[in-house]
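# Structural overview for review
These are the residues of each chain, in order.
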Amino acid sequence: MNPFTYSRANDAAGAVTAIAAKPKTKFLGGGTNLIDLMKMGVETPAQLVDITRVPLAQVEELPDGKGVRIGALARNSDVAEHPLIQQRYPLLSQALLAGASPQLRNMATVGGNLMQRTRCYYFYDPAFPQCNKRNPGSGCGALKGYNRIHAILGQSDQCIATNPSDMNVALAALEAVVRVQGPKGEREIPIADFHRLPGSAPNVDTNLKEDELITAVDLPAAPFATRSHYLKMRDRASYAFAIVSVAAAIEIDAGKKITAVRIALGGVAHKPWRAQKAEQQLLGKTADEKTFRAAAEAELAAAKGYAHNSFKIELAKRSIVRALTTVAGMTS
Amino acid sequence: MNDEDFQPIDPGELAGIDPTGGLDDLLIFGSPETRRHFLKQVAGTSAALTLGPFVGLAAAEVAEVAGTPGAVSTPTASVQLKINGQAHSLAIDPRTTLLDALREHLQMTGSKKGCDHGQCGACTVLVNGRRINSCLSLAIVHEGDEITTIEGLAKGDELHPVQAAFLEHDGFQCGYCTPGQICSAVACIAEGHTKSDAEIREWMSGNLCRCGAYPNIVAAVKEAQSKTPAKTS
């Protein structure tokens, strides 16, 4: 691990001032990803600003029925077990509990989870010379390497890494809004615009600026509390990253017509993948397996597989059908 | 032998080596690729066969950082840690993880270093009653926290109910993962995540056991749970 100087921020303004003061400064939250990447030599910050004492850990109801605000420093375990989240956004609770281990969820923060970096082997280990994300212009080791866990949607010839988060997939389906604070004040970033596709700059994961601090995540009031489900496909029964995951929520009227639907996919792209093509196909149709399969086919029509991950295309389709069948079968 | 396989060691690369426990990360526990790359370079120079030069260079790098104008903290930071009810004052490099502070600075070697990357749970300790991976947490972050390690569970000669249950049910074979398993189980029971075997398995999944003592670990957690009232909240 490279040497760094350490300081503590007591409030959001202090944190933003500290990160703007010097280059190569990083915020330290739960540390579950950053400290690991520093041990690997992937992240080499000169300064760490400890933000764990900044009072941004509340989960609270927004006024006028506008939804719920989650402080950026709320721990993943606390959010997953919070009554407001369990009752109104069970999808988010399920996604959080599907991720990592109890120990890591006790450490990891909501803001840190948003900023989680890819688990691509070629990114995570600097002994591999090629990685456009770690070292722009060096090439992509995964394209012709071992790419079983890599992207099938939205990738570029520069990078086929995936976003590893479960939480982000649920936030995409729930149309969360990320609140951030920078030297010029606060702004809001819709979750769909928070993470980036790799394009020609895979070294940039998100649209958060380097001098900005995530302060909260707002969940708009959602009608999907009773019919939502997070389905995670992984290599072992627990404590593994998603090969493919689906966050699904649905509203069905008395005549079995779909009146509202949200689908987001994990493990398939550089960002949580909102399945808008599938959603458009489903609206107004009868909720049955044939309809679900057609929607899944439409969403994955543009998918592209590589030497070791082509199986993900069919797996994603079947996972969408299974998740939708599960939510359609729930009683509202 | 092919000369290209043996690059002379680059002092710049040595400077990045962590004197506080990163060495065994690279030499023993790092990923195979990292280890291979590193050993290939070490093998190329006889000067690298002793550990002295590594530490010397790393220290120089640290001193340079200490001289940086406006540095908020110095590379040797004083930290107060409260462990098992006892206060400890430490002068440590800010890079020191809580696990290394316990093992290397306080000689509390009950908490184990398995993977050192948050993937195995051998380093599990309780911070303010909650289980965490001490290998992924900097010690300096934990000033003011109540830290409980495996050494703090028994009351004198009287074992904690979870420790007794692990003995009773043979919840281990080699024992290396056991301190982490026990700390994790104490928290798992306090959280109330022990209503079924399946629930115990899910909520103990952050602790790997390469001997495969899982059925006995589940049995031990079940029995300890029956003797420890769950948190009611």
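Within chain B one finds nine helices and five strands. Looking at chain B residue by residue over its 233 residues, the buried ones come to 39%. In chain B, the proportion of contacts linking residues at least 24 apart, taken out of those at least 6 apart, comes to 62%.

Attention now goes to the sheet that holds strand β7 (residues 185–190) of chain A. Residues and elements named next belong to chain A. What the five strands build is an open sheet, ordered β4-β5-β8-β6-β7; its pairing is antiparallel. One side of each edge strand has no neighbouring strand; the edge strands of this open sheet are β4 (59–61) and β7. Going from strand to strand, the sheet's axes swing by 25 degrees on average, the running direction of each strand aside. Relative to strand β8 (residues 213–220), strand β6 (residues 177–182) runs antiparallel, the two being bridged by five bridges. What sits directly across from Arg179, in β8, is Ala216.

Attention now goes to the nonpolar core. Side chains of nonpolar character tend, in soluble globular proteins, to be buried together. A:Ala15, A:Leu91, A:Ala170 and A:Ala247 are the most contacted members of the largest nonpolar core, which has 157 residues in total. When residues no more than four places from it in sequence are discounted, the contact partners of A:Ala247 are A:Leu91, A:Ala95, A:Val169, A:Ala170, A:Ala172, A:Ala173, A:Tyr230 and A:Ala264.

Attention shifts here to unusual backbone geometry. A positive phi angle, close to 60 degrees, is found at A:Asp64, a residue other than glycine. Inspection of the secondary structure puts A:Asp64 in the loop between β4 and β5 (67–71). Even without being glycine, B:Asp116 reaches a positive phi, approximately 65 degrees. Positionally, B:Asp116 belongs in the loop between α5 (98–105) and β3 (124–127).

This brings us to the sheet that holds strand β3 (residues 47–50) of chain A. All names here are of chain A. Across the sheet, which stays open at both edges, the three strands sit in the order β1-β3-β2 with parallel pairing between neighbours. The open sheet is flanked by β1 (5–8) and β2 (25–28), the only strands paired with a single partner. The average undirected angle you get between the axes of adjacent strands in this sheet is 25 degrees. Bridge count for β2 against β3 is four bridges, and the pairing is parallel.

Here we take up the environment of B:Asp170. All names here are of chain B. Residue position: Asp170 is located in the loop between α6 (161–168) and α7 (178–191). Owing to 13 C-beta atoms within 10 Å, Asp170 belongs among the partly exposed residues under this scheme. On a C-alpha basis, the gap between Asp170 and Ala213 in space is 7.9 Å, while along the polypeptide they are 43 residues apart.

Its domain assignment divides chain A into domain 1 (5–53) and domain 2 (228–328). Computed from C-alpha atoms alone, the centre-to-centre distance between domain 1 of chain A and domain 2 of chain A is 36 Å.

Once that is clear, we can look at the environment of B:Gly206. Note that B:Gly206 resides in the loop between α8 (197–203) and α9 (214–227). Note: C-alpha distance between B:Gly206 and B:Gly121 (85 residues apart in sequence) is 5.6 Å.

Residues and elements named next belong to chain B. The domains assigned to chain B are domain 1 (3–66), domain 2 (77–152) and domain 3 (161–227). At the level of elements, β3 and β4 (130–133) are the ones that each hand at least two residues to the side of domain 2 that touches domain 3. Per element, the largest residue contribution to the side of domain 2 that touches domain 3 is three residues, and it comes from β3. The class makeup of the residues in the side of domain 2 that touches domain 3 is six nonpolar, six polar and three charged.

Rules used throughout
Residues numbered from 1 in each chain as written. Chains lettered and ligands numbered in written order. Predicted model: local features only at pLDDT ≥ 70, side-chain atom pairs only at ≥ 80, totals over all residues. Helix = DSSP H or I, 4+ residues; strand = E, 2+ residues; numbered from the N terminus. Buried ≥ 20, exposed ≤ 12 C-beta atoms within 10 Å, placed from the backbone. Contact = placed C-beta atoms within 7 Å. Pairing = 2+ DSSP bridges. Axes fitted to C-alpha atoms, helices over the stretch in contact; angles between N-to-C directions. Core = buried A, V, L, I, M, F, W, Y, C linked by C-beta atoms within 7 Å. Domains from an automatic or database assignment. Nonpolar A, V, L, I, M, F, W, Y, C, P; charged D, E, K, R; others polar.

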